[in-house]
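Results of the structural survey
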Amino acid sequence: MLGKLALAGIKNRRRDYLVLLAGLTMSAAIFYMFANLATNRAFLNANAVVSSASVIFGFGAVLLILITIVYIMYANSFLLSMRQHDYGLFMMLGATRKRVGELVFLETLILGTVATAIGVVLGLLMSKFLVGLLLNALGLHLKHLTAFYLPAIVATVVLYVGLFILASLFNLIRLTRTTVLKLLHSDELANQPKVNPIWQLVQGVLGIALLALGYWAMAAINDLEMAAIPLALVTITLGTYLLFRATILAIIRVLRQTSWAKKHLNGFLLGQLNFRVHNYTRMLTIVSLLFAMALGAITVGSGYHRQLPLMAQRTGTYSVAVHDANAKEQQLLGQLNSAYTATYTQKRQGKTVYYNAAELKRQPVEQRAYTKTGTAKNVSRQSFKEFQKSGIKDLDFLSLALTKSGSPYAPKILSAAQFKRQKGQTITVTTVRVKNLAADLGTLKRLNKLETARFSHPAEMTVGNYQSYTLMLGMFGGLEFIGYFLGIAFLAMLASCLMFKILSGAPGDQRRYRMLYKVGVRNTLMRRGIAKEIGILFLIPGIMGIIDVLFGLMMFKPLMPAPMSPYQGIGLTFLIFVGLYAIYYLITLGLYWRIVLPNKTTDA
């Protein structure tokens, strides 16, 4: 009987439960995807850079567990707020507290178990397809990355089912200690915060000081090393919380004294925020940090994706070297947007490779110089005499003729007549320096594949800056993938947390908007007022999160040496991220409108 009643309650509010179920399912799926990476030791050990980023996974795992706890807490609050009036009616009609408590426990557990099961299945599908699409888009191949990983499934099920059991017990205890009258009128209780101006000032100053300390810690990561991350996390969290508590209510009260507050429903909007924001301070703090971490992770990931070709292009002179080019390779060479192309004839005998002086004079070998700090200079062409003295020893030039063991042949330059008489294996080598490595990556990849299939050399040896790029991609690609992955995960979690916190207060707002409707307020005005109210709740953590990111990117300067920069090209990344954040805002707004706005047919 109790099970039937629980299922009937879920069925009667299936639309609201579907919203809740969708959010919890996505949360479980994201956690499984992360656990699939963080607990897969074979994956971490096989990918050197990802393994070196195990500290990031460690912090990420702790943060994601904490976020999951907060997420389920607010989702549970949304669930309870929908049903507590019904539970009060059950008690009025004679149901005992124990039976109602058991009903609450069962409903919460059913919802949590279903959400976890669907979430794990969805996580498996996302791990197989979405992660695969992301890796393909980034041009990465990570070993031992599988969609199905049993320890990750166990971790997800244990965490989520355990948390839902705790949530069910919490609901049970809360209901058994709440009177029937409070359950029936819970949405009518006022929560006017008391404000002490002096204490607000102290909180504001302390919050700014803690934020400054956190931003300094991120900038001084070279000196503080790994200690900078927990120090920044703690100080920025506390600083943001104190700053929100000190400033938001003060700003609202100042606005209530202006003429703007007397227009349309602005006064009602400020009143709603005045009651709501104080209780939202912790949630807004968490969301602002999640916003910063999500945006920062995606910015760093896209930074590596965008800047690795630029960095690789400055590691040597030519982009690719092709030996004895066949018809297919000649066709691909013609497709490259070349800045400089040269073809040399080699004669290899013993451990020596011979070059024709006439060819070297006609097509000077390009050289790249470096500063004392290792910063690359522009490519230059030496005179033939200078090349004979120093350029002939340049590693890029030596790499044009490698033995099977990977060691270079000893180069020697002969006159045209001597070269003609010289015996040995004749090979032609064509070097191409492209104008933009990123633009020609596809063609260079096909050329490199054909070249290495015919003339293999040890993997640690790179010939041309395209091969340097592939080597860097193997080194930094793991960080690039982690950046995108964590960014997407944190974005989904942060927006869902804020969504459910806002929606948990929606049932209580129904009565207020019905009253406005009955006194003649137009539906369009109420829609605009709600859009402004929810927009402000989304905007506050968004602005703070962007500020955190702008300071936090300083942490990645040591990992992005010149010419790379964590700030390069961040405008487009910010724009895309804000667009995704806005989509969550519109979804939340639509759900809130549907819950709180009166129905003309039933409320006329």
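What comes next is a walk through the structure. Remember, it's a predicted structure, so these values are computed and weren't measured experimentally. (Residues numbered from 1 in each chain as written. Predicted model: local features only at pLDDT ≥ 70, side-chain atom pairs only at ≥ 80, totals over all residues. Heavy atoms only, no water.)

**Regarding the overall build of the protein**
Each helix and strand in the protein was counted, giving 23 helices and seven strands. A buried classification covers 50% of the 604 residues belonging to the protein. In the protein, the share of contacts with a sequence separation of at least 24, taken over all contacts with a separation of at least 6, comes to 82%. (Helix = DSSP H or I, 4+ residues; strand = E, 2+ residues; numbered from the N terminus. Buried < 20%, exposed > 50% of the residue type's maximum accessible area, 1.4 Å probe, protein only. Contact = heavy atoms within 4.5 Å.)

**Topic: a nonpolar patch on the surface**
Where nonpolar side chains cluster on the molecular surface, the patch consists of Leu572, Leu575, Ile576, Leu580, Ile583 and Ile587 and spans about 580 Å² of accessible area. Looking at the element boundaries, Leu572 is found in helix H22 (residues 570-596). On the basis of relative accessible area, Leu572 is assigned to the exposed category, the value being 58%. (Patch = residues over 30% accessible without salt bridge, like charges linked within 9 Å, V, L, I, M, F, W, Y side chains within 5 Å. Areas by Shrake-Rupley, 256 points an atom, 1.4 Å probe, with all protein chains shown as cover. Salt bridge = Lys/Arg side-chain N within 4 Å of Asp/Glu carboxyl O.)

**Here's the deal with the packing of helix H13 (residues 327-335) against helix H18 (residues 441-454)**
It is the contact of H13 with H18, at a shortest axis distance of 10 Å, that shows an interaxial angle of 150°. Accordingly, the angle class assigned to the pair H13 and H18 is roughly antiparallel. Read as a crossing pair, H13 and H18 show a hand that is left-handed. Across the interface between the two elements, Lys328, Glu329, Leu332, Leu333 and Gln335 from H13 touch Thr443, Arg446, Leu447, Leu450, Glu451 and Arg454 from H18. For the contact of H13 with H18, the residue count by class is four nonpolar, two polar and five charged. (Axes fitted to C-alpha atoms, helices over the stretch in contact; angles between N-to-C directions. Parallel < 35°, antiparallel > 145°, perpendicular 65-115°, else oblique. Left-handed = near helix turned anticlockwise from the far one by under 90°. Nonpolar A, V, L, I, M, F, W, Y, C, P; charged D, E, K, R; others polar.)

**Looking at the pattern of salt bridges**
In this structure the tally under the stated criterion is two salt bridges. In this structure, Glu366 engages Arg381 in a salt bridge whose closest nitrogen and oxygen atoms are separated by 3.3 Å. Of this pair, Glu366 sits in strand S4 (residues 366-370) while Arg381 is found in strand S5 (residues 376-381), placing the two residues 15 residues apart along the sequence. Under the relative-accessibility criterion, Glu366 is labelled buried at 8%. With a shortest N-O distance of 2.7 Å, Glu366 and Arg433 are connected by a salt bridge. Of this pair, Glu366 sits in strand S4 while Arg433 is found in strand S7 (residues 425-434), placing the two residues 67 residues apart along the sequence. Each member of the salt-bridge network shares a partner with another, and the members are Glu366, Arg381 and Arg433.

**What about empty space enclosed by the protein?**
Under the defined criterion, the tally for this structure stands at four cavities of 30 Å³ or more. In this structure, the largest cavity spans a volume of roughly 100 Å³. As for the largest cavity, its lining consists of 15 residues, and the residues nearest its centre are Thr317, Tyr318, Val365, Glu366 and Thr431. Sorting the residues of the lining of the largest cavity by element identifies strand S2 (338-349), helix H16 (395-398) and S7 as the ones contributing at least two each. (1 Å grid on protein atoms, 1.4 Å probe; cavity = no way out; pocket = protein on both sides within 12 Å on 5 of 7 lines; lining within 4 Å. Points joined across faces, edges and corners; volume = space filled by probe spheres on them.)

**A word on the sheet that holds S7**
Read across the open sheet, the five strands follow the order S1-S7-S2-S3-S6; overall the sheet is mixed. Every interior strand has two partners, whereas the edge strands, strand S1 (320-323) and strand S6 (410-414), have only one. Each strand of the sheet is rotated relative to its neighbour by a mean of 30°, with strand direction disregarded. Contacts from H18 reach S1 and S7, with the element oriented near 45° to S1. (Pairing = 2+ DSSP bridges.)

**Some details on the environment of Leu269**
Mapped onto the elements, Leu269 comes out in helix H12 (residues 266-313). With 259 residues separating them along the chain, Leu269 and Arg528 place their C-alpha atoms 9.9 Å apart. In this structure Leu269 touches Trp260, Gly529, Lys532 and Glu533, once residues within four positions along its chain are discounted.

**Some words on the side chain of His323**
Mapping His323 onto the fold places it in strand S1. A relative accessible area of 7% places His323 in the buried class. A distance of 2.7 Å separates a polar atom in the side chain of His323 from the backbone oxygen of Leu400. Other than its neighbours up to four places away in sequence, His323 contacts Glu329, Gln346, Arg348, Leu400, Ile427, Thr428, Val429, Glu451, Arg454 and Phe455. (Polar contact = N/O pair within 3.5 Å; in protein donor to acceptor, adjacent residues only side chain to side chain.)

**Notes on the packing of aromatic side chains**
Counting across every chain of the model gives nine aromatic pairs. Measuring from ring centre to ring centre gives 4.1 Å for Tyr215 and Phe551, while their planes differ by 5°; the resulting arrangement is stacked. Here Tyr215, found in helix H9 (residues 197-219), pairs with Phe551, found in helix H21 (residues 523-552); they are 336 residues apart in sequence, far enough to count as distant. A residue is classified by how much of its surface remains accessible, and Tyr215, at 9% relative accessible area, is buried. When the centroid spacing of 5.6 Å and the interplanar angle of 70° are considered together, the rings of Phe538 and Tyr585 count as edge-to-face. Remark: Tyr585 occurs in helix H22 and Phe538 occurs in helix H21; sequence separation between them is 47 residues. For the pair shown, Phe538 and Tyr585 are each scored as buried. Three or more aromatic residues joined by ring pairs make a cluster, and in this case those are Phe291, Phe538, Phe577, Tyr581 and Tyr585. Seen from the ring of Phe384, Lys361 lies directly overhead, with NZ or CZ sitting 5.1 Å from the centre. Seen from the ring of Trp593, Arg527 lies directly overhead, with NZ or CZ sitting 4.5 Å from the centre. (Phe/Tyr/Trp six-rings, centres within 6.5 Å; stacked < 30°, edge-to-face > 60°. Lys NZ or Arg CZ within 6 Å of the ring centre and 35° of its normal.)

**As for H18**
With 14 residues, H18 extends 20 Å from end C-alpha to end C-alpha; this agrees with the ideal 20 Å at 1.5 Å per step. Within H18, the full set of buried residues consists of Leu441, Thr443, Leu444, Leu447, Asn448 and Glu451. The arc enclosing the buried residues of H18, seen along the axis, measures out at 150°, which places them on a common side. Of the exposed residues in H18, the ones pointing more than 90 degrees away from its buried face are Lys445, Lys449 and Ala453. (Expected span 1.5 Å × (residues − 1). Arc of directions from axis to C-beta.)

**What about the environment of Gln346?**
For Gln346, the position within the fold is in strand S2. Separated by 80 residues in the primary sequence, Gln346 and Thr426 place their C-alpha atoms 5.6 Å from one another. Excluding residues that lie within four positions of it along the chain, Gln346 makes contacts with His323, Val353, Tyr354, Tyr355, Leu400, Ala401, Phe419, Gln425, Thr426, Ile427 and Val429. Looking at Gln346, its side chain comes within polar contact range of the side chain of Arg348, at 2.9 Å.

**A closer look at the packing of helix H11 (residues 228-255) against H21**
Where H11 contacts H21, the axes come no closer than 12 Å and their chain directions differ by 140°. By the angle between their directions, the pair H11 and H21 is classed as oblique. The way H11 lies across H21 gives a crossing that is right-handed. Facing H11, whose interface residues are Ile236, Thr240, Leu243, Phe244 and Ile248, H21 presents Ile540, Met544 and Asp548. When its residues are assigned to classes, the contact of H11 with H21 shows six nonpolar, one polar and one charged.

In short, the description is geometric, and any link to function would need to be established separately.
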